[in-house]
Every structure is written in structure tokens, then in C-alpha cells.
Amino acid sequence: MITLLKYEIYRRWRWLVLRYAALIIIGAILLNRVSSPTYQYEFIGESIGKFALTSLIIFIIIIVEGINMLKEDLFEESGYLTFTIPKKGRTILASKLALLLLQLILWTVITIGFGSIFFSKLPYPEIIQIKTQINFYFFPTVLFILTAFFNFVLMIHFSLTLTKTLLVNKRYSGILSIGIFFFLVYLIEKLYYGPFLNQIKHISIEIGSRSNIDLLSGGYTAVFLNIILTAIFFTATAYLLEKKINI
Amino acid sequence: MEQILKSSQLSKYFYQKKALDKVDINIEEGKIYGILGPNGGGKSTFLKIAAGLLKPSQGEITIDNKKPGVYTKSIVSYLPETNYLYKWMKIKDTLNFFNDLYADFDVERARESLKFMELEEEEKVTSLSKGMMGRLKLTLALSRKSKVYLLDEPLNGIDPISREKIITSILDSYSERTSILICSHLIYYIEKLLDYVFFLSEGRIILSGDAEELRNKRGMSIDKLFQEVF
């Protein structure tokens, strides 16, 4: 897997460097502005907002690339190379997900790093006020976001792989992939999460009083359900990649 | 001679279209086989199934008594017709990639072959002409010490000088322990290589036999026979 991961990084290193460099440079410029003695603290929020927007754009790019990593090999000629190497489907898939995880970690470190510095620039009473308003259940929240993220990407990977199992040519493959994805979303919501975790529908973060993420009142149950789903999609996608797809 | 590749009643459908229709092909070690036929006859489909890229609709194919999978990919060297190399690669990257991922890849043999093919390691894959790309793909495929080589249209779009180099390389790779399966519609150039031929049309084998016997029996070259049949 490490060898494949190495080549996934080689394949994309320019874009990887570019996106994180952009995030760091924009963060540094905004930070430099708020660090200026003439800068009024009311405008710190504006800089935080701009940084958050940049970070969000990079996050979306990471997701899109995470999807494209497999899509390119399934629907373009590079698949002839990727799927004739003597590696198991799970190894090929895991190498792509490992790069996605590395990217996510890097993005989180940069975003939280800059976020913390911006946060520290706020006046002390405001920091105290925000801290009392937001009371995250840290570990379940992080685990939930992480597992939900991989669930989402793997569901799309599975939809694309199933499409490539059913169809050989590219015609209609886009429509079919989207159709499979939304059907899965519907099915999972109705049959999987619904009965087990009703409260997942009521995600809300109430600012002003004690923060309340309802799905986490189910705590680790949501995380557990996500992990099972991730394992199911990973296994199914890896199986299709190895045994069923038509390139 | 041991049979290394066997297909039995192998069929592949694409919707209503039959790309392969109950094809029986047996490949022995130490021989060079040609699957010959017009475009769309099912030649590439057969090789793609053998390479593990397509799954049969019906029937079975085995290589070294195993269905296409991780093991067969480790003993089969497949040369596709398309430009399948990653676009970011230089030639030296392709060598490193094959060396890292195929245990049977002989990097020294590949470097010698690059010299013979007049290719520079620093050249980018995307800057290669069609002839150069054909030579590079063949270098990579034949630098593996595989049991089976599947070569899909190795001469397609290749200039005459490159064709000669490619044919020489194929002959150099031949040994008693390897089998080479070449799909082509450019019979004239590869005829001298072939021990055995299958004529494939509309997914079915319409003629097959030992190349020398067919030449003697029909009193014409395989190329002329191909023109007569199709």
C-alpha cells in the first residue's frame, strides 16, 4: 500500500503543495493584518471569516480530489495500468483513502492552527464568552466528523465502482452513479440510521446557551454506526474493484 | 507442452452485442500465437479478459490454472492499445513504477531496451510521438520476465522503423518458458513471428491452426489467407 500511496502522492504533488501553500499564505496575510497595531479588533471577525471561507474551499477541493482519485482510474485510460498491477482491490482503495486521510490531517492542523491564533487575538472577555457558549463533546465530535467524511467519500466510490461493474462505456455512467448514490443515501437514512439513531435528524448547535449537538447525545453510537457503514462500503468497493469491474 | 492459458466457451456481451461468443482458445508454453481479425472482431476483448480488466459474461478463462486475479496479474504482462501510462510520468518514472510494482520487472533489461528503442529516460510521456509511445509501452511490457505476454495491436500507428524494432524486441523476449499472444490486423508485419493463429470475426473463431501447416495447406501466406477470409 505504501508504494501505491507514494505514486498517488507523486501523481498529485504539485496540486497538493499548491493548495496548502495557498491556505498558509492567505492565513499568514490575514494574520499579519490582524496583528497590526492599527487594526481594530472588530474586524478580526472579518479576517476569521475570510480564512474560514478559504479553508472551506480547500476542504471541498480535498473531497472532490478524493473522489476523482478513484474515478480517474475507473473511467480513464490510466485504469489499464492501475488495475493490471498485481495488487488486491483493498490495497488499491486503501492507498487512495490513505492520501485522503493525510490531506485531511494536514488541512485540520493548518486550519486549527490558524484558527487558534485568530481566536487568541480576540479580547479576553470575548474569548471567555465564546468558550462558555461552545461546549463541544470533543472526541465524539471529531470521530463523528471523520467517520462521516469517509462514509461520504466511500459511498461515492462504491457508486462509481458499481456503475463500472454494470456499465462498460462512459455513456450514462454519470447519471447512473448519481442515481445509485442518492438511492443509497435514502436507503441508509430509512433503514440504517432511522431505527437506531432517531436523534441524528436533529443536529443543532445552539449558540447562546449550552451548545447541544443532539446526535452526540447518542454519543459514540453514531460513530459506531458510521464505522460499520465505512467498513461495509470499503469491503464492498474493494471486492468490486478486484472481482467485478469492467475497465 | 504445458497449457498456460485456457478459455472454454468464453463469451462477453455488451448489452445486446456479443463481443465474444463461446471462444475456446488454448495457449501452450513456448509458442507465439496470433489472434487475427478485423477491428471490432473481439480480439482486444479477449486480451482484456485474460488481463483481468473485463469479466466474462459466460464461460471460463484460466491462466496457470487460476482465474484472472492478483496471481495471474503477477505472471501476465499486458500491453494495451491505449496510452495507459500516467500523464505526469517521465520515462524514468515508468521504469521506477514497474520496478516497484512488478516483482518480475528487469530494470536493466528495460534500460538496454530503451537504448535500442532510442528513448531517453528524461523524456516526458506526454511529449512522445505515437511511435515512441509504442516503443516505450513495448519496452515496459517485455522487460517483465512473465510467463504470458498479451500484446494488443503492438504495431498500430507505428512507423516502419519502429515496427522493425518492435518485432526484434518481441523475438528477443521469446523463450521456451514464455507464451506470447499478439492481437493484430497488421498481419504482414507479424506473420513471421507466429507459430499458431486464430482468426476471430464477430466474436467467433472462424479458423485456427498451426501457421506453417495453414500456409502449406492453403498455398498462401497467412496475410493472403487473412485477406481471403475477411
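What counts, and where the lines are drawn
- Residues numbered from 1 in each chain as written.
- Chains lettered and ligands numbered in written order.
- Predicted model: local features only at pLDDT ≥ 70, side-chain atom pairs only at ≥ 80, totals over all residues.
- Heavy atoms only, no water.
- Helix = DSSP H or I, 4+ residues; strand = E, 2+ residues; numbered from the N terminus.
- Rg over C-alpha atoms; globule rule 2.2 N^0.38 Å.
- Buried < 20%, exposed > 50% of the residue type's maximum accessible area, 1.4 Å probe, protein only.
- Contact = heavy atoms within 4.5 Å.
- Areas by Shrake-Rupley, 256 points an atom, 1.4 Å probe, with all protein chains shown as cover.
- Salt bridge = Lys/Arg side-chain N within 4 Å of Asp/Glu carboxyl O.
- Pairing = 2+ DSSP bridges.
- Axes fitted to C-alpha atoms, helices over the stretch in contact; angles between N-to-C directions.

Chemist: Is there a simple way to think about the overall build of chain B in this case?
Modeler: In terms of helices and strands, chain B carries 9 helices and 9 strands. Here chain B has a C-alpha radius of gyration of 17 Å; the compact-globule value for 230 residues is 17 Å, and the two agree. Buried residues in chain B amount to 56% of all 230 residues. Of the contacts formed within chain B by residues at least 6 apart in sequence, a portion of 69% connects residues at least 24 apart. Carbon together with sulfur atoms contributes 46% to the accessible area of chain B, which is approximately 10000 Å² in total.

Chemist: Could you clarify how one ought to interpret the overall build of chain A in this entry?
Modeler: Secondary structure assignment for chain A yields 8 helices and 0 strands. Across chain A, helices and strands are ordered from the amino to the carboxyl terminus as α-α-α-α-α-α-α-α. Expressed as a percentage of its 247 residues, the buried residues of chain A come to 45%. Long-range pairs, those at least 24 residues apart, make up 80% of the contacts in chain A between residues at least 6 apart in sequence. About 13000 Å² of surface is accessible on chain A, with carbon and sulfur atoms providing 71% of the total.

Chemist: Looking at this structure, how should I read the pattern of salt bridges?
Modeler: Residues and elements named next belong to chain A. Applying the stated rule across the entire model yields 27 salt bridges over all chains. When the shortest N-O distance is used, the salt bridge between Arg12 and Glu65 registers 4.0 Å. One end of the pair, Arg12, is in helix H1 (residues 2-35); the other, Glu65, is in helix H2 (residues 44-75), with 53 residues separating them in the sequence. The same class applies to Arg12 and to Glu65, which are both buried. Lys96 is paired through a salt bridge with Asp73; the nearest N and O atoms lie 2.7 Å apart. Here Asp73 lies in helix H2 and Lys96 lies in helix H4 (residues 89-121), a separation of 23 residues in the sequence.

Chemist: What is the right way to look at the pairing of strand S7 (residues 179-184) of chain B in this model?
Modeler: When a strand is regular, its side chains alternate between the sheet's two faces. Residue and element names in this part refer to chain B. When you tally the buried positions in S7, you get 6 out of 6 residues, the bulk of the element. Burial of S7 is two-sided: the residues Ser179, Leu181 and Cys183 facing one way and the residues Ile180, Ile182 and Ser184 facing the other way are all buried. Strand direction decides the pairing type here: strand S3 (residues 32-36) and S7, joined by 5 bridges, are parallel. Paired with Leu36 across the strands is Ser184, a residue of S7.

Chemist: Looking at this model, I keep getting lost on the sheet that holds strand S2 (residues 17-28) of chain B. Mind explaining?
Modeler: Within a sheet, adjacent strands bond to each other through the backbone by hydrogen bonds, running parallel or antiparallel. Residue and element names in this part refer to chain B. Read from one edge to the other, the open sheet built from 3 strands follows the order S2-S1-S4, with strand pairing classed as antiparallel. Single-partner strands in this sheet number two, and they are S2 and strand S4 (58-63). The sheet shows a mean angle of 15° between the axes of neighbouring strands, taken without regard to direction. Bridge analysis of strand S1 (residues 3-14) against S4 gives 5 bridges, and the strand direction is antiparallel. By the bridge assignment, Ser7 is partnered in S4 with Ile61. The sheet contacts of helix H1 (residues 43-51) involve S1, S2 and S4, and relative to S1 the element is tilted by about 120°.

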